[in-house]
Amino acid sequence: MADGKRYLEISRDGGYTRLKRWAGNAIWLRSSWGMDGETTFAVSWDGRRYAPLLVDFPLTRRACRGSRVGLLTFNLVAGPGYVDVDAVSYAIDAGTASR
């Protein structure tokens, strides 16, 4: 939160990039990746309609393929803060999901 507003940011290689202002109290995140080594991160206000946030984001090649998503909160003004995660879903394709 900066100036009383929430933002979506990405951390990569030790730096932070502010992507978008987020006015809601809830957020749904989606990461879709392909064999080309790129991923698309998308966000939703309601869990039904997703808007691309980062498109064709390059993945780092290691022993596994895919994107690693970490959720965190930080506060540059004071000590308090929290992240409340209700559920995590993983789907290999549109018809198969596990929690």
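Up top is the structure.
The structure contained in this document is the topic of the report that follows. (Residues numbered from 1 in each chain as written. Predicted model: local features only at pLDDT ≥ 70, side-chain atom pairs only at ≥ 80, totals over all residues. Heavy atoms only, no water.)

## A short note on the overall build of the chain
Logical step 1: Counting secondary structure elements, the chain contains 0 helices and 7 strands.
Logical step 2: Start at the N end of the chain and walk to the C end: the helices and strands fall as β-β-β-β-β-β-β.
Logical step 3: Taken across its 99 residues, the chain has 15% of its residues classed as buried.
Logical step 4: Taking the intrachain contacts of the chain between residues at least 6 apart in sequence as the baseline, contacts between residues at least 24 apart amount to 22%. (Helix = DSSP H or I, 4+ residues; strand = E, 2+ residues; numbered from the N terminus. Buried < 20%, exposed > 50% of the residue type's maximum accessible area, 1.4 Å probe, protein only. Contact = heavy atoms within 4.5 Å.)

## Re the pattern of salt bridges
Between side chains of opposite charge, pairing is possible as soon as their charged atoms come close.
Logical step 1: Under the criterion given, the structure shown has 3 salt bridges.
Logical step 2: One salt bridge connects E9 with R18, and the closest N-O pair in it is separated by 3.3 Å.
Logical step 3: Here D46 makes a salt bridge to R48, at a shortest N to O gap of 3.6 Å.
Logical step 4: Within the structure, one salt-bridge network assembled from shared partners comprises D46, R48 and R49. (Salt bridge = Lys/Arg side-chain N within 4 Å of Asp/Glu carboxyl O.)

## Structural notes on the packing of aromatic side chains
Logical step 1: All chains considered together, the criterion is met by 1 aromatic pair.
Logical step 2: Seen from the ring of Y7, R18 lies directly overhead, with NZ or CZ sitting 4.0 Å from the centre.
Logical step 3: Directly above the ring of Y50 sits R30, whose terminal nitrogen or CZ lies 3.8 Å from the centroid. (Phe/Tyr/Trp six-rings, centres within 6.5 Å; stacked < 30°, edge-to-face > 60°. Lys NZ or Arg CZ within 6 Å of the ring centre and 35° of its normal.)

## Focus: the environment of W28
Logical step 1: Along the polypeptide, W28 turns up in strand β3 (residues 28-33).
Logical step 2: Each C-alpha atom of the pair W28 and A87 lies 9.9 Å from the other, and the pair is 59 residues apart in sequence.

## Quick look at the sheet that holds strand β5 (residues 51-58)
Logical step 1: Pairing is antiparallel across the open sheet formed by 3 strands, whose spatial order is β3-β4-β5. Looking at strand neighbours, the two that pair on one side only are β3 and β5, the edges of this open sheet. Between one strand axis and the next, the sheet turns through 20° on average, direction left out of account. (Pairing = 2+ DSSP bridges. Axes fitted to C-alpha atoms, helices over the stretch in contact; angles between N-to-C directions.)

## Let's talk about the pairing of β3
The two faces of a sheet get side chains in turn, since along a regular strand they alternate between them.
Logical step 1: Across 6 bridges, the pairing between β3 and strand β4 (residues 38-44) is antiparallel. Each residue of the ladder has a partner; that of W28, found in β4, is S44.
Logical step 2: What sits between the antiparallel neighbours β3 and β4 is a turn of 4 residues, in which G37 has the positive phi angle 80°.

## Quick look at the pairing of strand β2 (residues 15-21)
Logical step 1: Pairing of strand β1 (residues 7-12) with β2 involves 6 bridges; the strand directions are antiparallel. By the bridge assignment for β2, R12 is matched with G15.
Logical step 2: The turn linking β1 back onto β2 is made up of 2 residues, and D13 within it adopts a positive phi angle of 55°.

## What about the environment of D46?
Logical step 1: Tracing the sequence through the fold places D46 in the loop between β4 and β5.
Logical step 2: Classification of D46 by relative accessible area gives buried; the value is 19%.
Logical step 3: Note: C-alpha distance between D46 and G24 (22 residues apart in sequence) is 9.7 Å.
Logical step 4: At a separation of 3.0 Å, a polar atom in the side chain of D46 contacts the side chain of S44.
Logical step 5: Within polar-contact distance, the side chain of D46 engages the side chain of R49 at 2.4 Å. (Polar contact = N/O pair within 3.5 Å; in protein donor to acceptor, adjacent residues only side chain to side chain.)

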